[in-house]
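# Structural overview
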Amino acid sequence: MKMRRLGSDGPLVSAIGLGCMGMSEFYGERDEGEAVATLKRALDAGVTLFDTADAYGPHSNERLVGRVLRGQGERVFIATKFGLVRDPEDSTKRGVDGSPAYVRSACEASLKRLGVEAIDLYYLHRVDPKTPIEDTVGAMAELVRRGDVRYIGLSEVAAGTLERACAVHPITAVQSEYSLWTRDPENDGVLEACRRLGVGFVPYSPLGRGFLSGQIRSPEDLAPDDFRRASPRFQGDNFARNLKLVDEVKRLAVRRGCSPAQLALAWVLAQGQDIVPIPGTKRRKYLDDNVGALLVELDAEECAQLSEVFASDAAAGARYADVGMGLLRG
């Protein structure tokens, strides 16, 4: 397994991580046996970075990851997140809490669910507009001093907010959506700020929520309870326009002798050694395919060709429905 460093002074982790969210929620039917087998296959493949959050399930994903991975020592580096609060009466509603008191209580709960003495990387899932980032990060820094957390990170954060956070405590990683069809971090200054400040960059949904794999040809391919059915990019004319982009990925992948998913991941990996994508999957066959992307090394011409096809405004539709978009870039 190839390794990359998270940030200028952070830990070495596998060059590709595993996003675990879909094992518990959001992407249709769940198969815990296959999820456990996928986590174990990832270990065998040399994956060390595993990503979860207290909001996934909610809570059940942390329990699953903890049950399978605890006791593995340095073979695993578990990242989890707090701050995105689910409404127990309506699972579609979201709130954000970055208050110092919530930072402490959320961490204690995650430690118990994961069954670990310390969380390797603890992210603020979304920025709380009611709490100054200095206060949230200050409370997270206290968790580091107490030994409950080893490194801290931020998710979907604006460049200016990241700068303010780094003035309080070193930020090891920023997690944001980034892929061929979501290139916002290139355009809003986040990727540049990460590099200037020595912060690692962890793209989630590097396969465009599976769309770039070429496996989804119709909205009807998605389960009735799959959250992507409510995503603007998977609806109506947007779906048809985005499918044409995916067909171009498939064409280039055939010429390259790899799968469309591998080509899309290889492009993300080629954007810098400071980038560690975490494609999510709940099945072994897709995990194997994703890890295989590490064998696909794109040259400058191939990267430029893909970047041209997927210009920053190429994808049709917002990447979240209105509620999700309202939580971004605090």
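Above: the structure in question.
A brief report on the enclosed structure follows.

All right, on to the nonpolar core then. If you look at the biggest cluster of nonpolar residues, it comprises 84 residues, and the most contacted ones within it are Leu18, Phe50, Leu154 and Leu162. Sorting elements by how many residues they give to this core places helix α9 (residues 260–269) first, with eight residues. Residues in contact with phenylalanine 50, not counting those within four places in the same chain, are Leu18, Cys20, Leu39, Ala42, Leu43, Leu69, Val76, Phe77, Ile78 and Ala79.

Within a sheet, each strand pairs with its neighbour through backbone hydrogen bonds, oriented either parallel or antiparallel. The strand order across the open sheet built from seven strands is β3-β4-β5-β8-β9-β10-β11, with neighbouring strands paired in parallel fashion. With one partner strand each, in any of the chains shown, β3 (18–19) and β11 (200–204) form the two edges of the open sheet. Here five bridges tie strand β10 (residues 173–177) to β11, and the two strands are oriented parallel to one another. Residue pairing in the sheet places alanine 173 in a bridge with glycine 200 of β11. Against the sheet, helix α3 (residues 100–114) makes contact with β5 (77–82), β8 (119–124) and β9 (149–155), and its axis sits at roughly 140° relative to β8, the strand it touches most.

Turning to the pattern of salt bridges, a few remarks are in order. Evaluated as defined, the whole model comprises 25 salt bridges. For glutamate 62, the salt bridge identified is with arginine 113, shortest N-O distance 2.6 Å. Taken as a pair, glutamate 62 in helix α2 (residues 60–69) and arginine 113 in helix α3 lie far apart in primary sequence, 51 residues in all. Each member of the pair, glutamate 62 as well as arginine 113, is classed as buried. Between glutamate 302 and arginine 256 there is a salt bridge, and its shortest N-O distance comes to 2.8 Å. Taken together, the residues glutamate 302 in helix α11 (residues 300–309) and arginine 256 in helix α8 (residues 236–256) connect sequence positions 46 residues apart. Taking the relative accessible area as the measure of exposure, arginine 256 reaches 30% and is therefore partly exposed. Look at the salt bridges and you will find they share partners, linking Glu156, Glu177, Asp184, Arg209 and Arg319 into a network.

How each quantity is defined
- Residues numbered from 1 in each chain as written.
- Predicted model: local features only at pLDDT ≥ 70, side-chain atom pairs only at ≥ 80, totals over all residues.
- Heavy atoms only, no water.
- Core = buried A, V, L, I, M, F, W, Y, C linked by side-chain atoms within 4.5 Å.
- Buried < 20%, exposed > 50% of the residue type's maximum accessible area, 1.4 Å probe, protein only.
- Helix = DSSP H or I, 4+ residues; strand = E, 2+ residues; numbered from the N terminus.
- Contact = heavy atoms within 4.5 Å.
- Pairing = 2+ DSSP bridges.
- Axes fitted to C-alpha atoms, helices over the stretch in contact; angles between N-to-C directions.
- Salt bridge = Lys/Arg side-chain N within 4 Å of Asp/Glu carboxyl O.

So far we have only geometry, and geometry alone does not tell us how the molecule works.
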